[in-house]
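Inside the fold
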Amino acid sequence: MLKNHFPSKEYLENKEVMEFYHNFEDKSIFENECCQECKGRCCKKCGCSYYVEDFEDLSLNGLKTELNKGDKSIVSTLEVSYANHRYCVSPILMIRVRNEGRGVVDLFSEKTRCSLLTKDGCPYSFENRPTGGIMLIPFKNGSEFDCKTLETANQIAIDGWKRYQKVLSRLVKYYTGRSLDERLKEEVGHTIDALASYLLTAPSYTTEQVELLGNIQYMNDDLTAYARPDALALCKKASTALGIYRSI
Ligand code: SF4
Ligand code: SF4
């Protein structure tokens, strides 16, 4: 894997990123007391995102070799747009460290802890960590953990993967035997059904569940075609009741 975290002019002109890399010289901030005390809350929520710059070979075979190692998944981040009086939800595929209990293709599911996290922390040294993990800056404000994600940089990561949608779609087909569209619909259906079962009994929602409900709110009938109608109705009702609206 290539470890070049300084890929573009856009990065270097971003003030937040510049400030971050200034601190980067002092690596002790990443092994600081904050992380030791918190014991990897971020890693318990989800695996880190890879940037395209983390991979040397972004060809179909190159990415297949990486995915075959078993510690990464093709995931999707959903973009919501509004045109011709209707919302449209489209996936942007990218690669993330695999979450526990998930497979090589994980397009729409509730996040679980990073599959690589051990009792001693992350098995990667700081330098070899996926860039998405490096971009989370540990910070404690009084007694509260208030770690900072460089969101602009995260958006750069998403934008970076946009150029590789075709190759990632082909890999979804290779691993699942389904087209991207079909596979996404299956996962959406499965997750809505599971979420609805949870909503029937749960007194509160996790942040990840709220995020899922925010996406479901905007999905059209085609994308939710495999969900049980009662489960879909319950999820939409819950997101309306909670007033969850994603910014578009
Ligand atoms: S980055 Fe923040 S959330 Fe992650 S282990 Fe460090 S202190 Fe905890
Ligand atoms: S790869 Fe390492 S830093 Fe990233 S979520 Fe997993 S254990 Fe945490």
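In this report, we go over the structure that sits alongside the text. Everything quoted here is computed from the prediction, not taken from an experiment.

**A look at the overall build of the protein chain**
What the protein chain contains, in helices and strands, is 11 helices and seven strands. Relative to its 248 residues, the protein chain shows a buried fraction of 30%. Taking the intrachain contacts of the protein chain between residues at least 6 apart in sequence as the baseline, contacts between residues at least 24 apart amount to 72%.

**A word on helix H9 (residues 180–201)**
Look at H9: 32 Å from first C-alpha to last across 22 residues, which is about the 32 Å you get at 1.5 Å a residue. Listed as buried for H9 are Leu180, Arg183, Leu184, Lys185, Val188, Thr191, Ile192 and Leu195. The elements touched by buried residues of H9 are strand E1 (72–83), strand E2 (86–97), strand E3 (105–106), helix H8 (165–176), helix H10 (207–216) and helix H11 (229–242).

**Some remarks on the site of ligand 1**
Close contacts around ligand 1 come from Cys34, Cys35, Cys38, Gly40, Arg41, Cys42, Leu136, Pro138, Phe145 and Cys147, and that covers them all. Looking at the shell around ligand 1, the elements that each hand over two or more residues are helix H3 (33–38) and helix H4 (41–45). The element best represented in the shell around ligand 1 is H3, accounting for three residues. Within the shell around ligand 1, the residues separate by chemical class into eight nonpolar, one polar and one charged.

**Let's talk about the site of ligand 2**
Neighbouring residues of ligand 2: 13 residues in total, closest Cys43, Cys48, Cys114, Cys122 and Gly133. Partitioned by chemical class, the residues of the shell around ligand 2 number nine nonpolar, three polar and one charged.

**Brief notes about H10**
What H10 keeps buried is the set Gln209, Leu212, Leu213, Asn215 and Ile216. Summarising the axial view, the buried residues of H10 lie within an arc of 160°, below the 170-degree limit, and thus occupy one face.

**Comments concerning the packing of H10 against H11**
Between H10 and H11, whose axes approach to 9 Å, the crossing angle comes to 105°. The angle between H10 and H11 places the two elements in the roughly perpendicular class. Each of Val210, Leu213, Gly214 and Ile216 in H10 lies in contact with H11, whose residues at this interface are Cys235, Lys236, Ala238, Ser239 and Leu242. Considering only residue class, the contact of H10 with H11 consists of six nonpolar, two polar and one charged.

**Digging into the environment of Tyr51**
The residue Tyr51 is located in the loop between H4 and helix H5 (60–67) in this model. Along the backbone, Tyr51 and Ile156 are 105 residues apart, and their C-alpha atoms lie at a distance of 8.5 Å.

**Thoughts on the nonpolar core**
Counting 35 residues, the largest nonpolar core has Ile74, Val188, Ile192 and Cys235 as the members making the most contacts within it. Shared between two domains, this core takes at least three residues from each, and those domains are domain 1 (9–177) and domain 2 (179–248). Discounting residues that sit within four places of it in the chain, Ile192 has contacts with Ile216, Thr224, Ala227, Ala231, Leu232 and Cys235. In this structure, Cys43, Cys48, Val97 and Cys114 belong to the second largest nonpolar core, which totals seven residues.

**Things to note about the sheet that holds E3**
Strand order in this open sheet of three strands is E2-E1-E3, and the pairing throughout is mixed. A strand with exactly one partner marks an edge of an open sheet, and here the two such strands are E2 and E3. The pairing of E1 with E3 spans two bridges and is parallel. In the strand pairing of E3, Ile74 is matched with Val105.

**Some points on the pairing of E2**
Relative to E2, E1 is paired through 12 bridges, and the arrangement is antiparallel. Note that in E2 the partner of Tyr82 across the bridge is Tyr87.

So, how was this worked out
Residues numbered from 1 in each chain as written. Chains lettered and ligands numbered in written order. Predicted model: local features only at pLDDT ≥ 70, side-chain atom pairs only at ≥ 80, totals over all residues. Helix = DSSP H or I, 4+ residues; strand = E, 2+ residues; numbered from the N terminus. Buried ≥ 20, exposed ≤ 12 C-beta atoms within 10 Å, placed from the backbone. Contact = placed C-beta atoms within 7 Å. Expected span 1.5 Å × (residues − 1). Near = placed C-beta within 6 Å. Nonpolar A, V, L, I, M, F, W, Y, C, P; charged D, E, K, R; others polar. Arc of directions from axis to C-beta. Axes fitted to C-alpha atoms, helices over the stretch in contact; angles between N-to-C directions. Parallel < 35°, antiparallel > 145°, perpendicular 65-115°, else oblique. Core = buried A, V, L, I, M, F, W, Y, C linked by C-beta atoms within 7 Å. Domains from an automatic or database assignment. Pairing = 2+ DSSP bridges.

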